[in-house]
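Summary of the model geometry
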2 protein chains.
Amino acid sequence: MKPSIPKGTRDFSSTEVAKRNYIFNVIKHSFENFGFQPIETPSFENSSTLMGKYGEEGDRLIFKILNSGDYLNKADEILLSEKNSQKVTAQISEKALRYDLTVPFARYVVQHQNDITFPFKRYQIQPVWRADRPQKGRFREFYQCDADVVGSTSLLQEIEFVQLYDTVFSKLGLHGTTIKINNRKILSGIAEVIGASDKLIDFTVALDKLDKIGKEGVVKEMLEKGISENAIEKVAPLFSFSGTNQDKLNDLEAMLQASEEGLKGVEELRTVVNMIQELGLASATLVLDVTLARGLNYYTGAIYEVAAPKEVKMGSIGGGGRYDDLTGIFGLKDVSGVGISFGLDRIYLVMEELNLFETVELPKPRVLFLNFEASENLSKIKAIKNLRENNIKSELYPDTATSNKQQKKQWKYVSSRGIEFVVTDVENDVFVLKNMINGEQTTCSLAELKKIIS
Amino acid sequence: MKPSIPKGTRDFSSTEVAKRNYIFNVIKHSFENFGFQPIETPSFENSSTLMGKYGEEGDRLIFKILNSGDYLNKADEILLSEKNSQKVTAQISEKALRYDLTVPFARYVVQHQNDITFPFKRYQIQPVWRADRPQKGRFREFYQCDADVVGSTSLLQEIEFVQLYDTVFSKLGLHGTTIKINNRKILSGIAEVIGASDKLIDFTVALDKLDKIGKEGVVKEMLEKGISENAIEKVAPLFSFSGTNQDKLNDLEAMLQASEEGLKGVEELRTVVNMIQELGLASATLVLDVTLARGLNYYTGAIYEVAAPKEVKMGSIGGGGRYDDLTGIFGLKDVSGVGISFGLDRIYLVMEELNLFETVELPKPRVLFLNFEASENLSKIKAIKNLRENNIKSELYPDTATSNKQQKKQWKYVSSRGIEFVVTDVENDVFVLKNMINGEQTTCSLAELKKIIS
C-alpha cells in the first residue's frame, strides 16, 4: 500500500519550494525595507487563546490537539457515555493549532507589551491550519504573510500599505494589479443615510451586482430586502458611481452630508488617495471601491483588497484593514492596529499562469562531474571544493560506473535534472567540459571552467 | 489574566528571529551549494505513517490531532466507559504532528518515487513536535535541519558530509568543532571479537568512561557486565586508544582480523579519513571515536556526531549516519541512505555564548525621520520612498507630535530601538541629519544623506 498524506495538505517538491521561497523572499525583503520586524509564535496555542475568537464556524474549524498520556482520566463519564463530542473536547484537549496569525499576534502584543516599543510594526510569515473542506485552491495547511502596525492611529500607515502592496507586486513582476480601498466609516455613513445599519450588508451585496444586473436590478433587490425607496433615493449617486477616485470622493461627500462619521471616512480616504497620487505607484492602480466590505464586523477604518491583473481569473490576492481594538480581547485596551496580508497560494497560481517564475533559479548544480573512473575522483573532488568555495553549485555523481549501463544512468541523471554543464574527464588539471545545450565540448583549466559556467 | 503560551513552546522576538534566520540561511546556502534540494512535507501526517516508527516511547510522545466534527460518534462505548485512552486514541484521531523529518522523508521518497531522480539529495528545514517533558534546552516545538542522500552506497557521500559540517560551522564562525566519526561495522566487529553482540552497548558505555575512571575501572565494569577476561584481552588496544586517526585505524585493523565485517568498517573509515586528509578542513577536526554509538539500531555504516568548540559546555550540535533500509518501512526496499542533522537550538546557544551574532543585521531602520511638523511629511515620505528603492531601510515616525511630550516620545523610540541616524527636519530638499552615536548634526542633500548612512 502506497503511503499518502492527509487530505488538504501538500508535499512540496524542490522546484515548488524554490518558487515559493522566491515569493516569500520578495515579500520578506519588502516588509523589512518598510521597517516591519519579524516575529514568530508557536504552532499551537492554548485553546483558550483561540476559541471564541473566530465565531462558531471558526471554532469548529480549529484543529484540536489531544492531551498526552491518560487523557480520558479527567473526562466526565456521563458526557462520554452520551458521546457529547463538543463538551468532551474541552476536557481532553488543551491546545489547538494556529488558525490565523492575527489572534496569536494580539496575544503576543499583550503578553510582551513591556518589551515592545510602540508603534510596533511586525511581520509574520508562518503556516496556519483550518479543518475546512478541501477544494481547489483551499487547503488545510497554508501560509499567511501578514504585516501589521499597532499603537498608532496615523493615516500614514494606510498610505504605506498601499505602497507596500505596489512594491511587492511590482517586484514579483505582477503588473496591473488593482488595489481596492474603502473605509468602514463610509459604509457606516451609508447605513446612516439609508436609515438602517442592519441593512448595510444587504445593501452592499446588492450594489456589488451593479455590473451584472444594472441599476434597475439592484434597486429591485434592495426594495425586496426592505430598504425604502426614500433611502435608495438618497444614495442614488452610487448607481452611476464612476470616474476618478476624486470624482467618487466628491460624490460621496455630497451624499453623506447628513452623516458625521461618513464624512470622516471621506476625509480619511481623501488623504490616502491624494498622497498616493503625489507619490505615484510603480505598477498597481488604487481604486476606491465602495462595495468593498470584507470582514465588516472586524474593520473600523480603511479596508483593502487586491485584485490580480485582469488577464487572470482569480479571487483576491491580498487584503486587510484597520481594526481599532485588536488586543482588547486579551485585556489591553485602546491599541489601534492596521494590517495587510498576502495570499501566497493564489499569488503562486497567478505567477505560474503568467510565466513569471522563469527567472527563478532552480535547485540544481551548475556543473556535474561524471564518475566513470575512480582514479580521477580526488582531482574532481578538489575541483568541486574550489567551485563551491566560489559559490558555484557543483556535484560529483557519487557512484563510479563499472559498466556501459551505469554510464548511461549518469547521462540520464544529467538530462532528467536538466543540468547544463558536465565534466567528463580530468587529467593533469585539464578538464573536459561539455555544454549539454549546444553539445559543444572543450578542454580547459579550472580557472577557465569557472569563467565558462558562471 | 495575562495570556500565555503552552509549556515547551516559544515566542521569538524580532532579534531572535533575525539571529535564527542567520543560522538557517548559512545552513541552507551550504546545503544548496553542496547540491541538496529543498523539500517540504505537511506538519501533520496520517497517524499510520508515524505510529510504530519511533518505538513505544516515541509513540507516546507524538502529538495526536483530534478528528473534526462529532468525533466520538465512531468511538467504542465500552472502551469509552473503561476510559481506555490508548485504544480510544486510534478511534478519535487519524492525524498526528510530525515527530522528526526522517520518517516523513522516507514516506515522501516512496510516495513520489516515480518523480524523483536518484540518487536524491534532499534537505529539509522544518519544525517538529514532541510531547516531551520540557526542560532547559528541550522544547516541544523545535526546528530540525536535515540533509540526506538516498539511492547511493558511495562513500563519497560520507566524505561530503564531513566537508559540509566543516563548511557550515566555519561560515558561522564556530571554529574548533570536533567531527567525531565511527562506523557501525567496526562496532559489530568488536561485538564479534568479544564474542557477544548483546554486550556491545555495555561495552561501549564502559569504554566511554576511560577518561574518567581509567583502564582498571573500565575493565572492572566490563567484567561485572559479564564480558569475559579473554574477550577483553582481544580488544585491549582500545584501552590505550590514542594518537592520530591513522594510528587508531591501524590498531583497529590488527584487532579486528577475525571479523570480516569489522575489517570492512576499518576500510570504509580509512577511505573517509584519507580523503579528508587530502582535502583539508577549514576549521573542524575529524576524530575517529570508537565509543560513538548513537542510534545503534538504526545506523548501518558511518556514524557522525559534532562537538562544539571546547571552550563551550554543550551536548552535540549535530549528528547523523548511514542507514541501509530507510524506505523499507513503506515498502520500497534496498534504498540506502545517509544523512546528517544540525541542532539549531544548541548552535544558537553556543553562538550566543561566543558572541558570534555581532555581525547579524538586526531588523531596524538605518534612518528614522522624526515627525514634528506635518507639513514636512510629503517631502519626508518622498525621500523615504527613494531610500527604500535603494534598499536603505527607513521609516517616518507615524504620528505627528503636537506637544513636547510627544516629541520626547519620538526620541525615546529612537533610543529604545537603537537607531543610528535620525532626520529631524527637511526644508527645500535640505535634510537635517543627526548621528545618534557621536551626536554630530549635519545638513545635507538626499544624495549626500544616502552616502553618509550607507
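Everything quoted here is computed from the prediction, not taken from an experiment.

Focus on the pairing of strand β9 (residues 302–307) of chain A
Residues and elements named next belong to chain A. β9 sits mainly inside the fold: six of its six residues count as buried. Of the two faces of β9, both are covered, the one formed by Ala302, Tyr304 and Val306 as well as the one formed by Ile303, Glu305 and Ala307. Where strand β7 (residues 178–183) and β9 come together, six bridges link them in antiparallel fashion. Within β9, the residue paired with asparagine 183 across the bridge is alanine 302. When β9 meets strand β10 (residues 318–323), the two strands line up antiparallel, connected through four bridges.

Notes on the nonpolar core
Membership of the largest hydrophobic core comes to 118 residues, with the highest contact counts inside it found for Ile190(A), Leu238(A), Leu252(A), Tyr304(A) and Phe342(A). No other element matches the eight residues that helix α7 (residues 156–171) of chain A contributes to this core. Contacts of Leu238(A), omitting those with residues within four sequence positions, involve Ile190(A), Phe203(A), Leu207(A), Leu210(A), Leu252(A), Met255(A) and Val290(A). Residues Val423(A), Val149(B), Leu187(B) and Leu286(B) belong to the second largest nonpolar core, which totals 117 residues.

Re the interface of chain B and chain A
Of the residues lining the interface, 98 residues belong to chain B; the matching set on chain A comes to 98 residues. With both chains or domains summed, chain B and chain A bury close to 8,700 Å², and 55% of this area falls on carbon and sulfur atoms. It is Glu40(B), Lys83(B) and Arg388(B) in chain B that bury the most area against chain A; as a group they hold 8% of the surface buried on that side. Here chain B is connected to chain A by 12 salt bridges.

Notes on the environment of Gln441(B)
Residues and elements named next belong to chain B. With respect to the helices and strands, glutamine 441 occurs in strand β16 (residues 441–444). As a C-alpha pair, glutamine 441 and valine 422 span 19 residues in sequence and 9.4 Å in three-dimensional space. If sequence neighbours within four positions are ignored, glutamine 441 has contacts with Val432, Leu433 and Lys434.

Re the domain arrangement of chain A
Per the domain assignment, the segments of chain A are domain 1 (14–354) and domain 2 (367–453). Placing the centre of domain 1 of chain A and that of domain 2 of chain A at their C-alpha centroids yields a distance of 52 Å.

Considerations on the relation of the copies chain B and chain A
Mapping chain B onto chain A is achieved by rotating through 180 degrees and translating by 0.0 Å along the same axis, at an RMSD of 0.1 Å. Expressed as a symmetry operation, the mapping of one chain copy onto the other fits a two-fold axis. Minimal C-alpha separation from the rotation axis in chain B is found for Ile65(B), amounting to 2.3 Å.

Remarks on the side chain of Asn377(B)
Relative to the helices and strands, Asn377(B) resides in helix α15 (residues 377–389). With near-sequence residues (within four places) excluded, Asn377(B) lies in contact with Leu156(A), Asn371(B), Leu396(B) and Thr400(B).

So, the pattern of salt bridges
Two side chains carrying opposite charge are able to pair once their charged atoms lie near each other. Residues and elements named next belong to chain B. One pass over the full model with this rule turns up 50 salt bridges over all chains. Residues lysine 209 and glutamate 221 are paired through a salt bridge, measuring 3.1 Å at the closest nitrogen-oxygen approach. A residue pair is termed long-range when its members are at least 10 positions apart, and lysine 209 in the loop between α9 (200–207) and α10 (210–224) and glutamate 221 in helix α10 qualify at 12 residues. Residue glutamate 221 is classed as buried on the basis of its relative accessible area, which comes to 14%. Where glutamate 361 meets lysine 393, a salt bridge forms, and the shortest distance between an N and an O atom there is 3.6 Å. Of this pair, glutamate 361 sits in the loop between α14 (344–353) and β12 (367–369) while lysine 393 sits in the loop between α15 and β13 (394–396); the two residues are 32 residues apart in sequence, bridging distant segments of the chain. When its relative accessible area of 56% is taken as the criterion, glutamate 361 is described as exposed.

Overview of the sheet that holds strand β15 (residues 430–435) of chain A
Residues and elements named next belong to chain A. Read from one edge to the other, the open sheet built from five strands follows the order β13-β12-β14-β15-β16, with strand pairing classed as mixed. The open sheet has two edge strands with one neighbour each: β13 (394–396) and β16 (441–444). Averaged over all pairs of adjacent strands, the angle between strand axes in this sheet comes to 25 degrees, irrespective of strand direction. Looking at chain direction, β15 and β16 are connected through four bridges and run antiparallel. Residue pairing for β16: leucine 433 is matched across the bridge by threonine 442.

Describing the environment of Val205(A)
With respect to the element layout, Val205(A) can be found in helix α9 (residues 200–207). Along the primary structure Val205(A) and Met222(A) are separated by 17 residues, whereas in three dimensions their C-alpha atoms are 9.3 Å apart.

What about the packing of aromatic side chains?
On inspection of all chains with the given rule, the structure shows 34 aromatic pairs over all chains. Pairing Phe31(B) with Tyr123(B) gives two aromatic rings, centres 5.2 Å apart and planes at 50 degrees, and the pair type is tilted. One end of the pair, Phe31(B), is in helix α1 (residues 14–33); the other, Tyr123(B), is in strand β5 (residues 120–129), with 92 residues separating them in the sequence. Its relative accessible area of 0% is what places Phe31(B) among the buried residues. The buried category is assigned to Tyr123(B), whose relative accessible area is 3%. Linked through ring pairs, Phe31(A), Phe36(A), Tyr123(A), Phe161(A), Tyr165(A), Phe169(A), Tyr304(A) and Phe342(A) together constitute an aromatic cluster. The aromatic ring of Phe139(B) is capped on one face by Arg10(B), whose charged end is 3.4 Å from the ring centroid. Its guanidinium or amino end placed over the ring of Phe36(B), Lys121(B) lies 4.9 Å from that ring's centre, counting from NZ or CZ.

A closer look at unusual backbone geometry
Residue Pro119(A) is reached from Phe118(A) by a cis peptide bond, and omega for that bond is -5 degrees. When you line up the elements, Pro119(A) lands in the loop between α6 (102–111) and β5 (120–129). At Lys83(B), a residue that is not glycine, the phi angle is positive and equals roughly 55 degrees. Its place among the elements puts Lys83(B) in the loop between α4 (77–81) and α5 (85–92).

What counts as what
Residues numbered from 1 in each chain as written. Chains lettered and ligands numbered in written order. Predicted model: local features only at pLDDT ≥ 70, side-chain atom pairs only at ≥ 80, totals over all residues. Heavy atoms only, no water. Buried < 20%, exposed > 50% of the residue type's maximum accessible area, 1.4 Å probe, protein only. Helix = DSSP H or I, 4+ residues; strand = E, 2+ residues; numbered from the N terminus. Pairing = 2+ DSSP bridges. Core = buried A, V, L, I, M, F, W, Y, C linked by side-chain atoms within 4.5 Å. Contact = heavy atoms within 4.5 Å. Buried area = accessible area lost by both parts, 1.4 Å probe. Salt bridge = Lys/Arg side-chain N within 4 Å of Asp/Glu carboxyl O. Domains from an automatic or database assignment. Least-squares fit on C-alpha atoms with pLDDT ≥ 70 in both. Axes fitted to C-alpha atoms, helices over the stretch in contact; angles between N-to-C directions. Phe/Tyr/Trp six-rings, centres within 6.5 Å; stacked < 30°, edge-to-face > 60°. Lys NZ or Arg CZ within 6 Å of the ring centre and 35° of its normal.

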